[in-house]
Amino acid sequence: MADIPDNLKFLESHEWAREEADGSVTVGISDHAQGLLGDIVFVELPEVGSEVNKQDDVAVVESVKAASDVYTPLSGEVLEVNEMLADKPEVINSSPYEDGWFFKIKPNNIEELSELLDNEAYQELSED
Amino acid sequence: MKKTYLNEFHANNGGQMVDFAGWEMPVNYGSQISEHKEVRENVGIFDVSHMAVFDFAGSRQVEFLEHLLPNDVNKILGSTRALYSPLLNDKGMILDDLIVYHLGDENFRIISNCGTREQNNAWFKKVALNFDVAVDFKEEASIIALQGPKAKHYLGEMFDVDLEPFHIQTHDGVMIARTGYTGEVGFEIICNAARGLELWDYFIDKGIKPVGLAARDTLRLEAGFNLYGSDMTIENHPYESNLGWTIDMSNDVRDFIGKSALLDLQSDSKKLVGFHTDARGVLRAGTEIYFDGGTGIVTSGTWSPTFGKNIGLCRVDSNYPDTGNAKLRDKEINLHFCETNFLKYLK
């Protein structure tokens, strides 16, 4: 079980958001989520340049077991996607908070970050 | 939930426990893909003690089984060996699939699926009444599967056995069968729980990795083996389930349950075949398939660790061409129909 880094915010649906120094926000799924999914084999990522709204389903993560929608924690423009996931989706399982990031957004309403769950609140929810 | 005697081991060794047909079983021990690869490249060990073991007694077991099963047990009387057969009702529809073992001296054992244990127990007892055969449902039996290229090596260190495929040997109350559900050389070991625990611990100490039910499913699908409840159910007959080869009609005089129904039905309107796709996704059970002049449905679908793509089994109209289409999320994708044994076909 990876330790949850303490600079992350979460959606109840297990996505995490990390604000970067340049104001962009990186998004991925939690260690708890990757454990529930099992071995991941495919990822579908949003188009770079597309506009997304908070809680839109913007990506898909598929494990051997099942496919699952991934929701964006914030609204904004998709700046970059993690190309490595096309060939090595398993990195989401082994490094959900670092190498297994999904996409980066340029947020258009940074207030939305404070609406997300903090580390403790997310842990409580997911430990149920 | 019911538990096998190895439940504590699974829970203490990383087993992700789930409810499988009312039994608490390990779906994986961390990574189903690593476990799958371990079996293909090396060796793995499975606890399948949730499956049902039935022993029979009485002098008319051969007659009983000749009537009970569409495959002919006379094939295995010459030696101690196993035979695969579906179990049919009088409409020729499939109640289960199973393996019957000739233990010697016309004494037999059957191992069938877990989900159908109570159904089978009642069914065998009912049919056996007509032949004065006693049915002993061995609910506390241990069944351990050792599968993979190194299985023979590890088994050989413990037992002096040399078995041809599907042959069995009994050593000291332990039945060893060269059978399996993975497509690899392997063995299934049946004994009581105490001995089973000793054997399990012995093999684990040798460094053999335990393998969960998720890998068991991807392994069997790559080998093209049916799963009762998915690829065939009580709504299906053998000819549309890739089981025509198990129906032995060569003896006119032998009447088995379902025989007359099979002789009457439309045997060739649908077929169970394999499919694979290069699309970036997994077509799963229930997905509709369509092609020029017909349709079909996916009965089992998964991602194959050996071939790195979606494979599965599907029941399609018999006039199926080389390729078909299906919807993967919102996209229409192309799939290829093929033989069910992917290990042979996609090599």
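As the structure is a prediction and not an experimental result, all values here were calculated from the model.

Peer 1: Let's hear about the overall build of chain B: which residues, and what values?
Peer 2: Tallying secondary structure elements over chain B gives nine helices and 19 strands in all. Taking 2.2 N^0.38 as the reference for a compact globule, 347 residues should give roughly 20 Å; the C-alpha atoms of chain B span a radius of gyration of 20 Å, in line with that estimate. In terms of overall dimensions, chain B has a C-alpha envelope of 55 × 50 × 35 Å along the principal axes. A burial count over chain B gives 47% of its 347 residues as buried. Restricting to contacts in chain B with at least 6 residues of sequence separation, those with at least 24 account for 67%.

Peer 1: Outline unusual backbone geometry, listing residues and values.
Peer 2: Positive phi is not limited to glycine here, since Gln55 of chain A has a value of about 70 degrees. Since 16 C-beta atoms lie within 10 Å of it, Gln55 of chain A is described here as partly exposed. Of note in this structure, Arg329 of chain B is not a glycine but carries a positive phi near 55 degrees. One can find Arg329 of chain B in the loop between strand S18 (323-328) and strand S19 (331-338). Owing to 12 C-beta atoms within 10 Å, Arg329 of chain B belongs among the exposed residues under this scheme.

Peer 1: Please set out the sheet that holds S18 of chain B residue by residue, giving values where relevant.
Peer 2: Strands in a sheet are paired, the pairing made by backbone hydrogen bonds, and the direction either parallel or antiparallel. Residue and element names in this part refer to chain B. If you walk around this closed barrel you meet the six strands as S14-S17-S16-S15-S18-S19, and the pairing is antiparallel. Each neighbouring strand pair of the sheet contributes to a mean axis angle of 40 degrees, computed without reference to strand direction. In this sheet, S19 lies alongside S18 in antiparallel orientation, the contact comprising six bridges. Paired with Thr323 across the bridge in S19 is His336. Against the sheet, helix H7 (residues 213-223) makes contact with strand S16 (294-304) and strand S17 (309-317), and its axis sits at roughly 130 degrees relative to S16, the strand it touches most.

Peer 1: Let's hear about the domain arrangement of chain B: which residues, and what values?
Peer 2: All names here are of chain B. Taken domain by domain, chain B consists of domain 1 (7-50 + 139-223), domain 2 (53-135) and domain 3 (268-345). Computed from C-alpha coordinates alone, the two centres of domain 1 and domain 2 are separated by 24 Å. Between domain 1 and domain 2, the residue contacts involve 13 residues of the former and 11 residues of the latter. Elements supplying a minimum of two residues to the side of domain 1 that touches domain 2: strand S9 (141-147) and strand S10 (168-171).

Peer 1: Any details on the pairing of strand S12 (residues 186-192) of chain B? Residues and values, ideally.
Peer 2: Residue and element names in this part refer to chain B. The buried fraction of S12 is high, at six of seven residues. Bridge count between S9 and S12: seven bridges; the pairing is antiparallel. Paired with Ser142 across the strands is Cys191, a residue of S12.

Peer 1: Any chance you could break down the sheet that holds strand S8 (residues 76-81) of chain A for me, citing the residues and the numbers?
Peer 2: Residues and elements named next belong to chain A. The antiparallel open sheet is built from seven strands, whose spatial order is S5-S8-S9-S3-S2-S1-S10. What marks the edges here is a single partner per strand, and that holds for strand S5 (51-52) and strand S10 (117-118). Bridge count for strand S1 (residues 9-10) against S10 is two bridges, and the pairing is antiparallel. Looking across to S10, one finds that Phe10 is bridged to Leu117.

Peer 1: Just give me the short version of the interface of chain A and chain B, but keep the residues and values in it.
Peer 2: Across the contact, eight residues belong to chain A and 12 residues belong to chain B. Counting residues per element, the ones that place at least two in the side of chain A that touches chain B are strand S4 (40-44) and strand S6 (57-63) of chain A. Taken together, the residues of the side of chain A that touches chain B sort by class into four nonpolar, one polar and three charged.

Peer 1: How would you explain the environment of Ser304 of chain B if you had to name every residue and give the values?
Peer 2: Residue and element names in this part refer to chain B. On the secondary structure map, Ser304 appears in strand S16. Overall, the presence of 22 C-beta atoms within 10 Å leaves Ser304 in the buried class. Linking Ser304 and Leu346, residues 42 residues apart in sequence, is a C-alpha distance of 11 Å. When near neighbours in sequence (up to four residues on either side) are disregarded, Ser304 contacts Thr218, Glu222, Lys309, Ile311 and Phe342.

Each value, and the rule that gives it
Along every chain, residues carry numbers that run from 1 in the direction the sequence is written. For this description, chains carry letters from A and ligands carry numbers from 1, given in the order in which they are written. Two thresholds apply to this predicted model, a pLDDT of at least 70 for residue-level local features and 80 or more for giving and counting side-chain atom pairs, whereas whole-chain, interface and lining totals are computed over all residues. Helix and strand definitions follow DSSP, with helices as H or I runs of at least four residues and strands as E runs of at least two, each counted in order from the N terminus. Put simply, the radius of gyration uses C-alpha atoms, and a globule should come to 2.2 Å times the residue count raised to 0.38. Working definition of burial: number of other C-beta atoms within 10 Å of the residue's own, with buried at 20 or more, exposed at 12 or fewer, and partly exposed in between, all C-beta atoms being placed from the backbone. Our contact criterion uses C-beta atoms placed from the backbone: two residues qualify when those atoms are within 7 Å. Each pair of strands is called paired provided DSSP finds at least two bridges between the two strands. What counts as an axis is a line fitted to C-alpha atoms, over the stretch in contact for a helix, and the angles between N-to-C directions run from 0 to 180 degrees. These domain boundaries are the output of an automatic or database domain assignment. Any residue outside Ala, Val, Leu, Ile, Met, Phe, Trp, Tyr, Cys, Pro, Asp, Glu, Lys and Arg is labelled polar, Gly included; the first ten of those are nonpolar and the last four are charged.

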